[in-house]
Amino acid sequence: LGSIPRLELCAAKLAATWRDILLRESGETYDDIILFSDSQTVLGGIGDWKQKFKTYEHFRLKKIRLLSKVHEWKYIRTDLNPADVASKGLHANETEKWNLYLYGPSFLSQDEQNWPKPPEETNSAAIKSVYASANVYPIQLTCQNATMEEPEIELEPQSGSAWAINITKKISVW
């Protein structure tokens, strides 16, 4: 597996981790949660319970499935993905890109049935060629409480530090 698909898989694992943390920390319940990825390979791997994956991919996909629900993952075209704008950079005069980065894609304000449709098929052969077969079989897990209790971590309060930085510090220790 090349470095780009591995990074995309790690990004999906990070998104699932943040989803879990924000749900637990907020104490709120939500009608719907949606996680987006522009990687058809990653989305195909998340939804494929029959494919054998190498150890690296297997454990990341397992974590993603434990911390999120498969149906929460949706495809977003690269040109509509605000994360791509951030990773590729933008100039001050690129108003359309700034709007995408700051406010997200405009389709999010519409009903879900009006959102862009994903590609017709997630090519199973392409997934198999990227995630080379190994003798590791993913199994479907159903858990009532899929996360471990967060350990007590003392952080020195720093004036002006963002809450996201403090949570990130906790994750790195956890």
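Residues numbered from 1 in each chain as written. Predicted model: local features only at pLDDT ≥ 70, side-chain atom pairs only at ≥ 80, totals over all residues. Heavy atoms only, no water.

Section: the side chain of S39
Stage number 1. Mapped onto the elements of the fold, S39 is located in the loop between β1 (35-37) and α2 (40-47).
Stage number 2. Note on S39: relative accessible area 3%, which makes it buried.
Stage number 3. Within the local environment of S39, its side chain forms a polar contact with the side chain of E8, the two groups lying 3.0 Å apart. (Helix = DSSP H or I, 4+ residues; strand = E, 2+ residues; numbered from the N terminus. Buried < 20%, exposed > 50% of the residue type's maximum accessible area, 1.4 Å probe, protein only. Polar contact = N/O pair within 3.5 Å; in protein donor to acceptor, adjacent residues only side chain to side chain.)

Notes on a nonpolar patch on the surface
Stage number 1. Together, W98, Y101, L102 and Y103 make up a nonpolar patch on the protein surface, roughly 470 Å² of accessible area in all.
Stage number 2. Within the secondary structure layout, W98 lies in helix α5 (residues 95-103).
Stage number 3. Residue classification places W98 among the partly exposed positions, given a relative accessible area of 32%. (Patch = residues over 30% accessible without salt bridge, like charges linked within 9 Å, V, L, I, M, F, W, Y side chains within 5 Å. Areas by Shrake-Rupley, 256 points an atom, 1.4 Å probe, with all protein chains shown as cover. Salt bridge = Lys/Arg side-chain N within 4 Å of Asp/Glu carboxyl O.)

Some thoughts on the packing of aromatic side chains
Stage number 1. Per the counting criterion, the structure on display carries four aromatic pairs.
Stage number 2. Where W98 meets Y101, the ring centres are 6.2 Å apart and the plane angle is 80 degrees; that geometry is what we call edge-to-face. Residue W98 and its partner Y101 are both found in helix α5; the two are separated by three residues, about one turn of the helix.
Stage number 3. Residues F107 and W115 carry aromatic rings whose centres are separated by 5.3 Å and whose planes lie at 65 degrees to one another, so their mutual orientation is edge-to-face. Across the pair, W115 and F107 agree in class, each one buried.
Stage number 4. A connected cluster of aromatic rings, assembled from ring pairs, spans F36, F107 and W115.
Stage number 5. Sitting over the ring of Y56, R6 keeps its end group 3.9 Å from the ring centre. (Phe/Tyr/Trp six-rings, centres within 6.5 Å; stacked < 30°, edge-to-face > 60°. Lys NZ or Arg CZ within 6 Å of the ring centre and 35° of its normal.)

A look at the environment of P82
Stage number 1. You can see P82 is positioned in helix α4 (residues 82-88).
Stage number 2. As a C-alpha pair, P82 and K97 span 15 residues in sequence and 8.2 Å in three-dimensional space.
Stage number 3. Not counting chain neighbours up to four residues away, the residues in contact with P82 comprise I76, L100, Y101, G104 and P105. (Contact = heavy atoms within 4.5 Å.)

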